[in-house]
Amino acid sequence: MDFEKRYIYGVGGMASLFFNIAKKNGLDIDGFCIEDEYHDQDQFNQLPLVPFSALKSAAKQRDIDLYIAVGPIKMNQVRQRIYLEAKEAGFNLPNFICDSVFVVDPYTMGEGNIILNTGCIHSGVSIGNNNFLSSTVTLGHGVKLGDGNFFAGGVIVAGESKIEDRCFFGLGVTISDNLVIAQESFVGQGCAITKNTDAKATYTAPQAVKHKFDSTRFCEFIF
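Residues numbered from 1 in each chain as written. Predicted model: local features only at pLDDT ≥ 70, side-chain atom pairs only at ≥ 80, totals over all residues. Heavy atoms only, no water.

## Some details on the state of the cysteines
Enumeration according to the criterion identifies zero disulfides in this entry. Free cysteine Cys167: the closest other cysteine sulfur is in Cys191, separated by 13 Å. (Disulfide = S-S within 2.5 Å.)

Dropping the structure here:
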């Protein structure tokens with residue numbers, strides 16, 4: 001099999017989304033790969049889908065770029081395992097920052113990070129390895145980001161906060177300034193975090209309340 005240059009690991013929604021954003025940014029993707037036990041088809045998004053073991057063997061012989069586009073399975077431990085296996089196999093693990101992200105120098109970044117559209121990276125930010133930032137994520141000035149974290153859309157991290165490894169942030173989470181988010185913290189959709197978190201702890205926001213008035217009647221009271 002003649003392997004090409006750039007592959008995406010994954011066959012789920014994150015992989016498809018990243019593929020389409022990468023294509024819109026002019027990045028040519030040559031194919032996809034997945035663990036051997038899940039390899040049950042030869043194409044994904046009309047491109048070749050190959051077993052990960054075969055691609056790892058090829059990476060020992062030539063330069064192959066790999067973008068890891070999977071969700072936060074098992075608190076990001078699956079993506080972290082794939083990243084470490086890819087490093088050992090000799091893949092290149094380039095960063096991807098969408099053209100629409102507003103980036104303010106200076107900042108530092110490791111490898112294997114994916115940052116999707118319309119986010120914002122402020123000056124003084126430090127980003128580790130293998131992080132996935134979905135759409136419209138903002139990292140404020142001086143934020144320190146570890147390895148293997150997953151951010152859903154719309155997350156805002158205020159200045160000088162530190163995020164350790166393999167955390168999950170749901171849609172619309174906000175993190176106040178000068179906090180420490182301990183490793184493998186699960187922060188659910190809509191949470192506003194104002195204090196340091198505990199390692200492996202779970203945080204969820206209250207559910208929305210359905211009122212007895214319909215929307216037209218309710219608006220008469222508040223407007």
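There is more to say after this.
## Describing the environment of Gly31
Its location among the elements puts Gly31 in strand S2 (residues 31-34). Sequence separation between Gly31 and Arg6 is 25 residues, and the spatial gap between their C-alpha atoms is 6.8 Å. Not counting residues up to four positions away in its chain, the partners in contact with Gly31 are Arg6, Tyr7, Ile8, Leu47 and Pro48. (Helix = DSSP H or I, 4+ residues; strand = E, 2+ residues; numbered from the N terminus. Contact = heavy atoms within 4.5 Å.)

## A few points about the packing of helix H2 (residues 52-59) against helix H3 (residues 77-89)
Across the interface, H2 lies against H3 with an axial gap of 8 Å and an inter-helix angle of 35°. The residues of H3 that touch H2, namely those facing Phe52, Lys56 and Ala59, are Ile82, Glu85 and Ala89. (Axes fitted to C-alpha atoms, helices over the stretch in contact; angles between N-to-C directions.)

## What about the sheet that holds strand S16 (residues 156-157)?
Pairing is parallel across the open sheet formed by six strands, whose spatial order is S7-S10-S13-S16-S19-S22. Where the open sheet ends on each side, the last strands, each with one partner, are strand S7 (102-103) and strand S22 (192-193). Sheet analysis places S16 next to strand S19 (residues 174-175), joined by two bridges and oriented parallel. Counted as the bridge partner of Val157 is Ile175 from S19. (Pairing = 2+ DSSP bridges.)

## Focus on the pattern of salt bridges
Evaluated as defined, the whole model comprises nine salt bridges. A salt bridge links Glu35 to Arg81; the nearest nitrogen and oxygen atoms lie 3.0 Å apart. Linking Glu35 in the loop between S2 and strand S3 (43-44) with Arg81 in helix H3, this pair joins segments that are 46 residues apart in sequence. By relative accessible area, Arg81 is classed as partly exposed at 35%. Here Lys200 and Glu184 are joined by a salt bridge, their closest N and O atoms 2.8 Å apart. Within this pair, whereas Lys200 is found in the loop between S22 and strand S23 (202-203), its partner Glu184 is found in the loop between strand S20 (180-181) and strand S21 (186-187), the two being separated by 16 residues in sequence. (Salt bridge = Lys/Arg side-chain N within 4 Å of Asp/Glu carboxyl O. Buried < 20%, exposed > 50% of the residue type's maximum accessible area, 1.4 Å probe, protein only.)

## Let's talk about the sheet that holds strand S15 (residues 150-151)
Reading across from one edge, S6-S9-S12-S15-S18-S21-S23 is the order of the seven strands in this open sheet, with parallel pairing throughout. If you trace the sheet from one side to the other, it starts and ends with strand S6 (96-97) and S23, each paired once. Here strand S18 (residues 168-169) runs beside S21; their pairing, made up of two bridges, is parallel. For Phe169, the partnering residue across the bridge sits in S21 and is Val187.

## Some details on the layout of surface pockets
Empty space within the largest pocket amounts to approximately 260 Å³. Every residue lining the largest pocket is counted, 18 residues in all, and those nearest its centre are Tyr9, Ile34, Tyr38, Ile73 and Val78. Residues of the lining of the largest pocket, tallied by class, amount to eleven nonpolar, four polar and three charged. (1 Å grid on protein atoms, 1.4 Å probe; cavity = no way out; pocket = protein on both sides within 12 Å on 5 of 7 lines; lining within 4 Å. Points joined across faces, edges and corners; volume = space filled by probe spheres on them. Nonpolar A, V, L, I, M, F, W, Y, C, P; charged D, E, K, R; others polar.)

## Re the environment of Glu4
Note that Glu4 resides in the segment before strand S1 (6-9). Assessed through its relative accessible area of 37%, Glu4 is described here as partly exposed. Residues Glu4 and Ile64, spaced 60 residues apart in sequence, show a C-alpha to C-alpha distance of 7.2 Å. If near-sequence neighbours (up to four positions away) are discounted, Glu4 is found in contact with Asp30, Arg62 and Ile64.

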